[in-house]
Amino acid sequence: MTRLDESRSFIPVSIAVLTVSDTRSLEDDKSGATLAGRIEEAGHVLVERAIVTDDRDAIAAHVSDWAYRADIEVIITTGGTGFTGRDVTPDALEPLFEKRMDGFSTLFHRISYDKIGTSTIQSRATAGLMHQTFVFVLPGSPGACKDAWDGILKAQLDYRHMPCNFVEIMPRLDEHLKRGGGRSA
């Protein structure tokens, strides 16, 4: 079972939030605000929050720019994970993942199923690693953002979470580069 190891100190993670929408602004973006609030409430650093339109190239460019920034360790996107013609976030980002995190989608759908039943299959939530930066691609609803944060990300982005968490492996994400393999920046 999971637990918090209180003998470990909390380590804040630097996180950026990108909302993908043709209609929202920062003022009325409930999903981005939900994530931002939970990030800060947990003690992490919200480095940047932005909105980009449902455009494959714009999404890929924005997330790629953030992934190469040294001050951003995690990127969370919200929106564009459905099946309509404008839902292109997974299509824009998955080709850029150096490693896919299939378990994220599986666990997200398990949590979501308990809340919305079979409607969870209408989301293509996904996650992966891009230039040693974790990228999580969430649906655009505040409820889905709450489910992903509360049910997965809050624990995995807490260094005290046991038996393992993402924070403890962050320093090792580029070890293949240090050994001379893989790609360089």
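Up top you'll find the structure we're talking about.
Counting of residues starts from 1 at the beginning of each chain's written sequence and follows it residue by residue. This being a predicted model, a pLDDT of at least 70 is required before a residue's local features are given, and a value of 80 or more before pairs of side-chain atoms are given or counted; all residues contribute to the totals for chains, interfaces and linings. Derived side-chain values reflect all non-hydrogen atoms in the structure, with water molecules and hydrogen atoms excluded from consideration.

Asks: Can you help me understand the nonpolar core in this one?
Replies: Among the nonpolar cores identified, the biggest contains 28 residues, and Val-74, Ile-76, Phe-104, Phe-134 and Phe-136 are the most heavily contacted of them. Helix and strand definitions follow DSSP, with helices as H or I runs of at least four residues and strands as E runs of at least two, each counted in order from the N terminus. Only strand S2 (14-20), helix H1 (30-41), strand S4 (74-78), helix H4 (102-116), strand S6 (126-130), strand S7 (133-138), helix H5 (142-156) and helix H6 (166-169) provide two or more residues apiece to this core. No other element matches the 6 residues that H5 contributes to this core. Within the second largest apolar cluster, 19 residues are counted, among which are Val-52, Trp-66, Leu-93 and Met-130. Among the buried residues, those of types Ala, Val, Leu, Ile, Met, Phe, Trp, Tyr and Cys that are joined through side-chain atoms within 4.5 Å form a nonpolar core. Exposure classes here rest on a 1.4 Å probe applied to the protein chains alone. A residue is buried below 20% of its type maximum, exposed above 50%, and partly exposed in between.

Asks: What should I look at first to understand the packing of aromatic side chains in this one?
Replies: Each aromatic ring pair is described using two quantities: the centre-to-centre distance and the angle formed by the ring planes. Think of it this way: a Phe, Tyr or Trp ring, Trp meaning its six-membered ring, pairs with another when their centres are within 6.5 Å, and the plane angle makes it stacked under 30 degrees, edge-to-face over 60, tilted otherwise. Per the stated rule, a full pass over the model turns up 5 aromatic pairs. Measuring from ring centre to ring centre gives 6.3 Å for Phe-104 and Phe-108, while their planes differ by 20 degrees; the resulting arrangement is stacked. Linking Phe-104 with Phe-108, this pair stays in helix H4, spanning 4 residues, or about one helical turn. Of the two residues examined, Phe-104 and Phe-108, each falls in the buried class. When the ring of Phe-104 is compared with that of Phe-136, the centres are 5.3 Å apart and the planes differ by 55 degrees; the resulting orientation is tilted. Taken together, the residues Phe-104 in helix H4 and Phe-136 in strand S7 connect sequence positions 32 residues apart. An aromatic cluster is built from Phe-104, Phe-108, Phe-134, Phe-136 and Phe-166, whose rings are joined through pairwise contacts. In this arrangement the basic side chain of Arg-8 is found over the ring face of Tyr-159, its NZ or CZ atom lying 4.0 Å from the centre. By definition here, charges over rings are those cases where NZ of Lys or CZ of Arg is within 6 Å of the ring centre and within 35 degrees of the ring normal. Note that Arg-124 overlies the ring of Phe-83, its terminal NZ or CZ placed 5.7 Å from the centroid.

Asks: Could you clarify how one ought to interpret H4 in this entry?
Replies: The α-helix winds at 3.6 residues per turn, so residues separated by three or four positions along the chain end up facing the same way. In this scheme, a helix's expected span is set at 1.5 Å multiplied by one less than its residue total. The terminal C-alpha atoms of H4, which comprises 15 residues, lie 21 Å apart, in line with the 21 Å expected from a rise of 1.5 Å per residue. Whether two residues are in contact is decided by their heavy atoms, any of which lying within 4.5 Å being enough. Taken together, the buried residues of H4 touch S6, S7 and H5. With its phi angle positive at about 65 degrees, Gly-117 sits one or two positions after the end of H4.

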